[in-house]
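# Structure at a glance
If you want the building blocks of each chain, they are given just below.
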Amino acid sequence: MATISSYQTAAGKRYRVRYRTPDRRQTDKRGFTSKRQAQDFAATVEVEKMRGEYVPPKLGYIMVGEIGPTWLERKKSDLKPSAYKSLETAWRVHVEPRWGGERLADVDLDAVERWIADLGRDKTINGVKVRGKGATVVIRAYGVLAGVLDSAVKAKRLAKNPARGVENLPRKQRKERIYLTHVQVDALAAAAGDRQTLVLLLAYCGLRWGEAIGLRVKHLDLLRKRLVVTENAVQVNMEMYVGTPKSHVTRSVPIPDFLVVELARQCEGKARDDLVFPGRDGEHLRRSVSFTGWFTKAVEKAGIPRVTPHDLRHTAASLAVSAGVNVKALQRMLGHASAAMTLDTYADLFDDDLDAVGIALDKARSGASVGNVWAAT
């Protein structure tokens, strides 16, 4: 069993816990400011030894900054470039500056929660007001720290992750979606000039931007009115990465009749391996610059609500639901993992279905003459 003793320091009385490790070697941990803290530690050690979960404290003396890069390197092989870039930025900008110089054993839940609160708090630096980070940035930074500490637990440098169990993570506020009408889509396409067909494809086939600019002539089967999404081109900073679609699954997407003709014109003079929507250099089309790019100018010229290319994917879902497309077909078109995901993502598009439920139940009740019996009673 562990024993507890006190000793004097310049800062006052401190407590030491002497105990034996599972291999029967004697060791100790000192520096507790109260006997209660020492007793709690001693009890925890005995429980961990009984459960086979004991981790020698010295293994936790390694710095967070020493294992973070290794964790990131492992993630690099699992994630798409854009997702990895987000994690790398969160580590470099938010996690490493605060935690890189801390020992694993010194990280505690209270300090993690204070860090999370500080990230989201407005502050004044050198007389300049700086707004706190948004929910997405804070959640991602916390996820990186927790992930690094999870790897330390897996490597048996920590008995448990001290960052798990936080209660003050901010909640993401979902951006209100803008759904364009057929007339608004036509106006935007007309204003886009030689990008007209690309706008129509995004608005009526629901492709992601990277899927649309990665589309090649050989991926189109205009006789069957189908296109196959098999490539996704993602721009990270100034580099373009070509890989599989977001879900890693190839999918077939229907092409409306009017768009078949437009795509046929777009493919004239192109070889099978050529991109349908190339940039000026013949390579993948770059993102439209936020404020001065062709897409923003087209939106302003068309006089429609401010939207982004990705918003046209939402418009495609809206127009499909309005046309009576069932959820399973919409899921396949958009490339969602399940119909439940489609319903969760676009629940607001199915409000009319709730009205239909009420109407149907009213008709069923009337047909059964329940109302007349109830009135008579």
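Below or above, wherever it landed, is the structure these notes cover. It should be emphasised that the depicted structure is a prediction, and the values quoted were computed from it without experimental measurement.

On a plain count of helices and strands, the chain comes out with 15 helices and 10 strands. Taken over C-alpha atoms, the radius of gyration comes to 30 Å for the chain, far larger than the 21 Å a tight globule of 377 residues would show. With the C-alpha coordinates of the chain rotated into their principal frame, the extents come out at 85 × 80 × 50 Å. Within the chain, buried positions represent 37% of all 377 residues. Considering only contacts within the chain whose residues lie at least 6 apart along the sequence, 57% involve residues at least 24 apart. Element-wise, carbon and sulfur atoms account for 52% of the exposed surface of the chain, whose accessible area totals about 22500 Å².

Ranked by internal contacts, the top residues of the largest apolar core, which has 52 residues, are Leu188, Leu201 and Leu227. At the level of elements, helix H6 (182-191), helix H7 (196-205), helix H8 (209-213), strand S7 (226-229), helix H9 (257-266), helix H10 (294-302), helix H11 (311-322) and helix H12 (327-334) are the ones that each hand at least two residues to this core. Here the element with the most residues in this core is H7; it accounts for 8 residues. Contacts of Leu201, omitting those with residues within four sequence positions, involve Gly206, Leu207, Ala212, Leu215, Leu227, Leu259, Leu263 and Phe277. Counting 30 residues, the second largest nonpolar core, distinct from the first, contains Trp71, Ala90, Trp91 and Val112.

Turning to the pairing of strand S8 (residues 232-236), a few remarks are in order. Counting buried residues along S8, 4 of its 5 residues qualify, which places the element largely inside the surrounding structure. Inspection of the sheet shows S8 paired to strand S9 (residues 239-243) by 5 bridges, in the antiparallel sense. When the sheet's bridge partners are listed, Asn232 is paired in S9 with Gly243.

Strand order in the open sheet formed by 3 strands is S6-S7-S10, and the pairing between neighbours is antiparallel. Here the strands that pair on one side only, and so sit at the sheet edges, are strand S6 (220-221) and strand S10 (251-254). Note that S6 and S7 share 2 bridges and pair antiparallel. By the bridge assignment for S7, Leu220 is matched with Leu227.

Attention now goes to the state of the cysteines. Applying the stated criterion across every chain, the model contains 0 disulfides. With no disulfide partner, Cys267 has as its closest neighbouring cysteine sulfur the one in Cys205, 13 Å distant.

In this section: the packing of helix H2 (residues 64-78) against helix H3 (residues 81-99). The N-to-C vectors of H2 and H3 enclose an angle of 175 degrees; their axes lie 11 Å apart at closest approach. Taken together, H2 and H3 sit at an angle that is classed as roughly antiparallel. Across the interface between the two elements, Val64, Gly65, Gly68, Pro69, Trp71, Leu72, Lys75 and Lys76 of H2 pack against Tyr84, Leu87, Glu88, Trp91 and Trp99 of H3. Along the lines of polarity and charge, the residues of the contact of H2 with H3 split into 8 nonpolar, 2 polar and 3 charged.

Relative to strand S2 (residues 12-20), strand S1 (residues 3-9) is paired through 7 bridges, and the arrangement is antiparallel. Note on S2: the bridge partner recorded for Ser5 is Arg16. Hairpin connection between S1 and S2: a loop of 2 residues separates the two successive antiparallel strands. Where S2 lies against strand S3 (residues 26-32), 6 bridges are found, and the strand directions are antiparallel. Looking across to S3, one finds that Arg18 is bridged to Asp28.

A word on the pattern of salt bridges. Inspection of every chain in the model, using the stated rule, returns 16 salt bridges. When the shortest N-O distance is used, the salt bridge between Arg36 and Asp40 registers 3.7 Å. A residue pair is termed a helical-turn pair when its members lie 3 or 4 positions apart in one helix, as Arg36 and Asp40 do in helix H1 (residues 35-51) at 4 residues. Exposure remark for Asp40: the relative accessible area of 42% places this residue in the partly exposed category.

Definitions and limits used
- Residues numbered from 1 in each chain as written.
- Predicted model: local features only at pLDDT ≥ 70, side-chain atom pairs only at ≥ 80, totals over all residues.
- Heavy atoms only, no water.
- Helix = DSSP H or I, 4+ residues; strand = E, 2+ residues; numbered from the N terminus.
- Rg over C-alpha atoms; globule rule 2.2 N^0.38 Å.
- Buried < 20%, exposed > 50% of the residue type's maximum accessible area, 1.4 Å probe, protein only.
- Contact = heavy atoms within 4.5 Å.
- Areas by Shrake-Rupley, 256 points an atom, 1.4 Å probe, with all protein chains shown as cover.
- Core = buried A, V, L, I, M, F, W, Y, C linked by side-chain atoms within 4.5 Å.
- Pairing = 2+ DSSP bridges.
- Disulfide = S-S within 2.5 Å.
- Axes fitted to C-alpha atoms, helices over the stretch in contact; angles between N-to-C directions.
- Parallel < 35°, antiparallel > 145°, perpendicular 65-115°, else oblique.
- Nonpolar A, V, L, I, M, F, W, Y, C, P; charged D, E, K, R; others polar.
- Salt bridge = Lys/Arg side-chain N within 4 Å of Asp/Glu carboxyl O.

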